[in-house]
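So the chains spell out like this:
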Amino acid sequence: MLAEFLPILLLFVLATAFAGGSLLVSSLVGPRMPNPTKLSAYECGNEPLAEVQSARFPVKFYMVAMLFLIFDIEAVFIFPWAVVFRELGWFGLGQMALFIAILGVAFIYEIGRGGLEWD
Amino acid sequence: MESPPLWVPLFTTIVVFAFFLLSTALLIWAERRVVARMQTRLGPNRVGPLGILQTLVDGVKMFFKEDITPGMVNKPVYTLAPLVGVIAGFLAIAVIPIGGEVTLFGETFTLVVADLHVGALWILALGSIHVYSVFLAGWASNSPYPLLGGIRSSAQMVSYEIAMGLAVASVFIYAGSLRISDIIEAQAGDGLIPGMPGWFAIPLLPAFLVFVVGMVAEAGRPPFDLAEAEGELVGGFNTEYSGMRFGMFMLAEFMQVVTMSAIVVTLFLGGPSGPTFGLPDAIAWVMPIFWFSLKMSLFIFFFILLRGALPRARYHRLMDLGWKVLIPVALVWTMVTAAFVLLNELGGLATETRWVLAGIAGVIVIGLLVLGSSPDDASDAPVPPDEDPAASDHDKVTS
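Right, let's walk through the structure included here. Residue numbers run consecutively from 1 along every chain, following the written order of its sequence. Chain A is the first chain written and ligand 1 is the first ligand written, with later ones labelled in order. It should be noted that, the model being predicted, local features are given only for residues of pLDDT at least 70 and side-chain atom pairs only at 80 or more, the latter also being counted only at that level, while totals for whole chains, interfaces and linings use all residues. Side-chain measures were taken over the full set of non-hydrogen atoms in the model, leaving aside hydrogen atoms and water.

A few points about the overall build of chain B
Just so we agree on the cut-off: Runs of E in the DSSP output that reach at least two residues are strands. Runs of H or I that reach at least four are helices, and both are numbered from the N terminus. Burial status follows relative accessibility: with a 1.4 Å probe on protein chains alone, a residue under 20% of its type maximum counts as buried, one over 50% as exposed, and anything between as partly exposed. We call two residues contacting when some pair of their heavy atoms lies within 4.5 Å.
Looking only at helices and strands, chain B features 14 helices and two strands. A burial count over chain B gives 51% of its 399 residues as buried. For chain B, contacts bridging at least 24 residues in sequence account for 76% of all contacts bridging at least 6.

The following block contains the structure:
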């Protein structure tokens, strides 16, 4: 069964060679003339102000990330169910509907509390 | 099943690789030409006939550009990020057949790198890896604009990834397999009416629409190209990149357009299937490649038209569309599809019942369209200056 993946390894080698080779050739033939302005962070010509490593960004993005985890697990749960769904029949459909209903209640609560509002 | 000689996978790998690389180069050229036409310009027309070699020349030019590595970046991750994007982009095409059976030197094989038993899952997984490229580039740059752009676009990508994944679930229900060749097989034959193709796009129309919207957002293309909103984020996650590394990001982005078009054609439009017009076997093998390229080109053209025609969406609009419309629609549709498949196994519904159900569905859709749009429009209207609370406070203080 793993032999199926052998051509993918070939493709991986080919893609890596292509991308890595391009970068290598470019670094060999391209000019290199660094100066302090080029090497500083780009802030539209201003002196760079921000210390980014400790910078904070809106908590909304964490919320999206957490919601993504929940829904991605749901998707991962749905895929195998979708493949063998004909054998499971109505019982499987009922189980999945129950699961999605529970998740749906939480989802509606989340929307109702304004968890997905962007201003 | 005996395994073919070693040159067969080598041959298919190189052919598929070249096919997608060439399509990407042609896409870039076609996009510049078509968008130019839409803006009453000419577009590149000097290099080669109709400027078709422009992409090649631009690529060569990029080799001779300075590749600046700014001082504040996290160097290993900064170097790795564009490579991750390009390599994941190329690997995603591994399971997509670009043509039918081909006989060469006595060996018969399909033009696909690997027909994995988890093919569709492979596509989704590699799509997820693309997010890493964007986020790592933004994070490793250690600079404000790339960080904001990287976070924004990874939030966008993961949101639409769920919608796309759920839309594909109904394809799995219909096909009963994750193997791409099984999914294409399940779309062969007639559809609802004899003579109509049995493509999944027709019975699974809502899932198809969710997937199409999702793929535009996933590829980060206009009108969902928030990652590189030039007016507010300069270049988004790739602001600090230049030279060939920037070229790698561009290649990965344009390749996503080609890959997404290939995926939607494979999952929903029957892949390389199509009539062969009774051609002799010697040339008949060309037809699947032709049909696949034609269907793929249509979607690529659709991407280009979107770019030329639509303004960029606002971020909260984008997230609202993803979370409040596409994900619920895809979830409900998965359930509806499952119920219909089971009902069909029980003997199916009477034609009258189908019409009544279709009517109810239509009323619900129209109702949602009418009800759903009005409050959102009100909140989008610009606040008149005299009603803006902050402004009036300010006036009080100064006066």
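Next, the rest of the story.
Brief notes about the overall build of chain A
If you tally the helices and strands in chain A, you get four helices and zero strands. When the helices and strands of chain A are read in sequence order from the N terminus, they spell out α-α-α-α. Out of the 119 residues belonging to chain A, those deemed buried represent 29%. Excluding contacts between residues fewer than 6 apart, the proportion of contacts in chain A whose partners are at least 24 apart in sequence is 53%.

Regarding the side chain of Lys295 of chain B
All names here are of chain B. Selection rule: Under the convention used here, Asp and Glu are negative, Lys and Arg are positive, and both His and the chain ends fall outside the count. Salt bridges are counted wherever a side-chain nitrogen of Lys or Arg sits within 4 Å of a carboxyl oxygen of Asp or Glu. Any pair of nitrogen or oxygen atoms within 3.5 Å is treated as a polar contact; in protein, a donor-acceptor pairing is required on top of that, and neighbouring residues in sequence qualify only through side-chain atoms on both sides.
Locating Lys295 in the fold gives a position in helix 11 (residues 286-309). Among buried Asp, Glu, Lys and Arg side chains, Lys295 stands out as unpaired, with Glu185 the closest opposite charge at 13 Å. From its side chain, Lys295 meets the backbone oxygen of Leu269 in a polar contact 2.9 Å long. Not counting residues within four places of it along the chain, the set of residues in contact with Lys295 comprises Trp199, Val265, Leu269, Gly270, Gly271 and Ser273.

Here we look at the pattern of salt bridges
Side-chain pairs of opposite charge can arise whenever the charged atoms involved come near each other. All names here are of chain B. Per the stated rule, a full pass over the model turns up six salt bridges over all chains. As a salt-bridge pair, Asp58 and Arg32 come within 2.8 Å of each other at their nearest N and O atoms. Of this pair, Asp58 sits in helix 2 (residues 54-63) while Arg32 sits in helix 1 (residues 7-38), placing them 26 residues apart in sequence. For Arg32, a relative accessible area of 35% gives the class partly exposed. Through salt bridges with shared partners, a single ionic network connects Glu31, Arg221 and Arg307.

Looking at the packing of aromatic side chains
The geometry of two aromatic rings is summed up by the distance between their centres and the angle between their planes. Note the following rule: Ring pairs are drawn from Phe, Tyr and Trp, using the six-membered ring of Trp, whenever the two centres fall within 6.5 Å, and their geometry is named by plane angle: stacked under 30 degrees, edge-to-face over 60, tilted for the rest.
Per the stated rule, a full pass over the model turns up 21 aromatic pairs over all chains. One aromatic cluster is present, formed by Tyr78, Phe237, Tyr241 and Phe249 of chain B through successive ring pairs.

A closer look at helix 9 (residues 243-268) of chain B
Note that an α-helix has 3.6 residues per turn; residues three or four places apart therefore point the same way. Residues and elements named next belong to chain B. Inclusion rule: Multiply 1.5 Å by the residue count of a helix minus one, and that product is the helix's expected span.
Here helix 9 contains 26 residues, and its C-alpha end-to-end distance of 38 Å stays within 8% of the 38 Å for a straight helix at 1.5 Å per residue. In terms of burial, helix 9 is a largely internal element, 24 of the 26 residues being buried. Where helix 9 ends, the next residue or the one after it, Gly270, has phi of about 75°, a positive value.

Some words on the interface of chain B and chain A
Under the convention used in this document: Buried area counts how much accessible surface, traced with a 1.4 Å probe, disappears from two parts once they are put together, with both parts' losses summed.
Listed by partner, the interface residues are 81 residues for chain B and 62 residues for chain A. On the chain B side of the contact with chain A, Glu66, Trp323 and Leu342 of chain B bury the most area, a combined 11% of that side's loss. Applying the counting criterion to the chain B and chain A interface returns zero salt bridges. Our enumeration of links across chain B and chain A arrives at three residue pairs in polar contact (both at pLDDT 80 or more). Elements represented by at least two residues in the side of chain B that touches chain A include exactly helix 1, helix 2, helix 3 (75-92), helix 4 (119-140), helix 5 (144-175), helix 9 and helix 12 (315-345) of chain B. Ranked by residues supplied to the side of chain B that touches chain A, first place goes to helix 12 of chain B with 17 residues.

Describing the nonpolar core
To keep it simple, the criterion reads: Definition used in this section: a nonpolar core is a set of buried Ala, Val, Leu, Ile, Met, Phe, Trp, Tyr and Cys residues joined via side-chain atoms within 4.5 Å.
Formed by 139 residues in total, the largest nonpolar core has its most connected members in Trp81 of chain A together with Phe211, Phe268 and Trp323 of chain B. Looking at this core, the element that brings in the most residues is helix 5 of chain B, giving 17 residues. Excluding anything up to four places from it in sequence, Trp323 of chain B contacts Val64, Leu67, Phe68, Phe71, Phe107 and Leu116 of chain A together with Ser159, Ile162 and Pro328 of chain B.

Some points on the packing of helix 1 (residues 6-29) of chain A against helix 9 of chain B
The following threshold applies: Angles run from 0 to 180 degrees between N-to-C directions of axes, and those axes are lines fitted to C-alpha atoms, restricted for helices to the stretch in contact. Each angle gets one of four labels, with under 35 degrees taken as roughly parallel, over 145 as roughly antiparallel, 65 to 115 as roughly perpendicular, and the rest as oblique. By the definition used in this description, the sense in which the near helix is turned from the far one sets the handedness, with an anticlockwise turn below a right angle giving left-handed and a clockwise turn giving right-handed.
The N-to-C vectors of helix 1 of chain A and helix 9 of chain B enclose an angle of 150°; their axes lie 9 Å apart at closest approach. Put simply, helix 1 of chain A runs roughly antiparallel to helix 9 of chain B. Both helix 1 of chain A and helix 9 of chain B take part in a crossing whose hand is right-handed. Residues Phe18, Ala19, Ser22, Leu23 and Ser26 of chain A of helix 1 of chain A pack against Met244, Arg245, Met248 and Leu251 of chain B of helix 9 of chain B.

Everything listed here is a matter of geometry and, on its own, says nothing about what the molecule does.
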